[in-house]
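Spelled out from the first residue to the last, the chains are:
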Amino acid sequence: MKYGIFGGTFDPIHMGHLRSAEEMVQELALTKVFLVPAATPPHKDRISVSEFRHRYNMAKMAVGRSTTLEVLDLEAKRQGPSYSVDTLRELNSSLGPENDLHFILGLEAFFEIHTWKEYHRLFELCHLVLVDRKGYYFDQVSPYLEKLRIKIRPTEDPARFVFTSGKNLIHKKVTQMDISSTQIRALIKKKKSIRFLVPDQVMGYILQNGLYE
Ligand code: ATP
């Protein structure tokens, strides 16, 4: 079984996240993409990330009845900061040795990977799928990895490389949606509409709970 895992703060989840996950299911022929909201994101220095339950509820609402997108709360079940390496280990052991896990990450998040706990291990635990983000370029990936002393070898496919662990590094283009959670929070603060940036139900939840005001 081929699975995708897409982590994030999701504060709030928006159409950019959802569309990327949806396109990855199809492009990579994944059985499912797990959306994993970080309980205590170690990289967000914003003082007030919304409570996990709100971010989780919104993600659940956003995927609705999708059979290919599923929201997991496993980071909330662990103590302390949410490290991806721990989540990947946990998923690997619960899905069993036959699984084929693809860790999906926007390019801007990838270029921070040297600050992540045990980042070298990530390239042994799963395939890495890098999704284009505005202002970040895939041709910067190779020199970045070289600096970190992580080896990759090219394949016939210019969008696929292989780590020494045998796991793949895959470059994927997705429909570029210039949407961010930061933008959504800012619009709400200014009492402006966020309709069509997030699913309707998520918009309703934000307004009902007075989030980001
Ligand atoms: P913030 O603005 O609060 O930093 P964000 O919108 O970037 O949030 P995150 O929850 O930090 O969202 O991102 C989770 C993952 O989603 C990251 O891998 C990021 O690259 C990706 N992502 C965020 N926005 C988009 C988008 N518009 N299109 C595709 N991927 C996205």
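The present account deals with the structure reproduced in this document. (Residues numbered from 1 in each chain as written. Predicted model: local features only at pLDDT ≥ 70, side-chain atom pairs only at ≥ 80, totals over all residues. Heavy atoms only, no water.)

### Looking at the packing of aromatic side chains
A full pass over the atoms with the stated rule returns ten aromatic pairs. With centroids separated by 6.2 Å and ring planes inclined at 65 degrees, the aromatic side chains of Phe-103 and Trp-116 adopt a geometry described as edge-to-face. Of this pair, Phe-103 sits in strand S4 (residues 100-106) while Trp-116 sits in the loop between helix H4 (107-110) and helix H5 (119-125), and the two are 13 residues apart along the sequence. By the burial criterion, Phe-103 is buried, and Trp-116 matches it. Through a chain of ring-to-ring contacts, three or more aromatic side chains come together here, namely Phe-110, Phe-111, Tyr-136 and Tyr-144. (Phe/Tyr/Trp six-rings, centres within 6.5 Å; stacked < 30°, edge-to-face > 60°. Helix = DSSP H or I, 4+ residues; strand = E, 2+ residues; numbered from the N terminus. Buried < 20%, exposed > 50% of the residue type's maximum accessible area, 1.4 Å probe, protein only.)

### With respect to the sheet that holds strand S8 (residues 168-172)
Strand order across the open sheet formed by eight strands is S3-S2-S1-S4-S5-S8-S7-S6, with mixed pairing between neighbours. Two strands close off the open sheet at either side, each with one partner strand: strand S3 (69-71) and strand S6 (152-154). Sheet twist, expressed as the mean angle between neighbouring strand axes with direction ignored, is 25 degrees. Examined bridge by bridge, strand S1 (residues 2-8) and S4 share five bridges and lie parallel to one another. Counted as the bridge partner of Phe-6 is Ile-104 from S4. Its contacts with the sheet put helix H1 (residues 15-27) on S1, strand S2 (32-37), S3, S4, strand S5 (127-131) and S8, and the angle it makes with S3 is roughly 130 degrees. (Pairing = 2+ DSSP bridges. Axes fitted to C-alpha atoms, helices over the stretch in contact; angles between N-to-C directions. Contact = heavy atoms within 4.5 Å.)

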